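Read off the chains here:
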Amino acid sequence: MQQRCYISAVTSLPGTELLGTRLRHLLDLLDEGVSAFYADRDVPGMRPRFNPVIRVLVADGPCAISDIAQAIGVTHSAASQTVAQMAKEGLLVREPGEDARQRIVRLTPKAEQLLPVLDAEWAATNAAASEFEAELSVPLSRVIDEAIIALRRRSMPDRIADAARENS
């Protein structure tokens, strides 16, 4: 007997059900446009998450992964993973810093050659994001900022643990 998948049940859920899944889907939809821009301009290996790192390195020059993480508002682990992917694509190199644990990251000539395309994508994406947010009842960027602040105040693991205790 074939199992049926009830997509409508998932997509019609109100409120917070499947919040993480819906957020990942939203991010996929947003990244899809940026990825298409790169593909249309024959920029193989470029991913949307690379551009903020490149922008930091253009603005500040070579810097530590921890500084990149802080500048773009992600964890050190997330920045480190992105830097490793970018190094595989030949967009940057990692060199030892003053501290043996620290890695200094700098752009390669390949990445520097892509800057005109990346600047065009950045401008177009910002314009498209402004248009997109104008269609919403509340700017998505504001909601995201508020969510990050709330989760820094009280983490999701703490919230889940409290809810689990209340429900048991």
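Since the model is a prediction, treat every value here as computed from it, not as a measurement. (Residues numbered from 1 in each chain as written. Predicted model: local features only at pLDDT ≥ 70, side-chain atom pairs only at ≥ 80, totals over all residues. Heavy atoms only, no water.)

A. Quick look at the overall build of the chain. Of regular secondary structure, the chain possesses 8 helices and 3 strands. Taking 168 residues into account, the globule formula puts the C-alpha radius of gyration at 15 Å, and the chain, at 20 Å, lies well above it. In terms of its C-alpha atoms, the chain occupies a principal-axis envelope of roughly 55 × 40 × 40 Å. By the burial criterion, 20% of the 168 residues in the chain qualify as buried. (Helix = DSSP H or I, 4+ residues; strand = E, 2+ residues; numbered from the N terminus. Rg over C-alpha atoms; globule rule 2.2 N^0.38 Å. Buried < 20%, exposed > 50% of the residue type's maximum accessible area, 1.4 Å probe, protein only.)

B. Layout of helix α6 (residues 109-134). Here α6 spans 38 Å end to end across 26 residues, near enough to the 38 Å set by a 1.5 Å rise per residue. The principal kink in α6, of about 50°, is found at leucine 115, preceding the proline proline 116 by one to four residues. Lining the buried residues of α6 we find α2 (19-40), α3 (50-60) and β3 (103-107). (Expected span 1.5 Å × (residues − 1). Bend = angle between axes of the 7 residues up to and from the residue. Contact = heavy atoms within 4.5 Å.)

C. Spatial organisation of the side chain of asparagine 51. Position of asparagine 51 among the secondary structure elements: in helix α3. Classification of asparagine 51 by relative accessible area gives buried; the value is 1%. Each residue touching asparagine 51, except ones within four places of it in the same chain, is listed here: Tyr38, Met46, Leu118, Glu121 and Trp122.

D. Focus on the environment of phenylalanine 132. With respect to the helices, strands and loops of the structure, phenylalanine 132 is situated in helix α6. According to the relative accessible area criterion, phenylalanine 132 is partly exposed, its value standing at 30%. Residues phenylalanine 132 and alanine 79 lie 53 residues apart in sequence; the distance between their C-alpha atoms is 27 Å. Residues within four places of phenylalanine 132 in sequence aside, it is in contact with Leu30 and Leu140.

E. Layout of the nonpolar core. Met46, Leu57 and Ile68 are the most contacted members of the largest nonpolar core, which has 24 residues in total. Taken together, the elements giving at least two residues each to this core come down to α2, α3, α4 (65-72), α5 (76-88), β3 and α6. A per-element tally of this core places α3 first, with 5 residues. In contact with methionine 46, other than residues within four places in its own chain, are Tyr38, Asn51, Ile54, Leu91 and Leu118. (Core = buried A, V, L, I, M, F, W, Y, C linked by side-chain atoms within 4.5 Å.)

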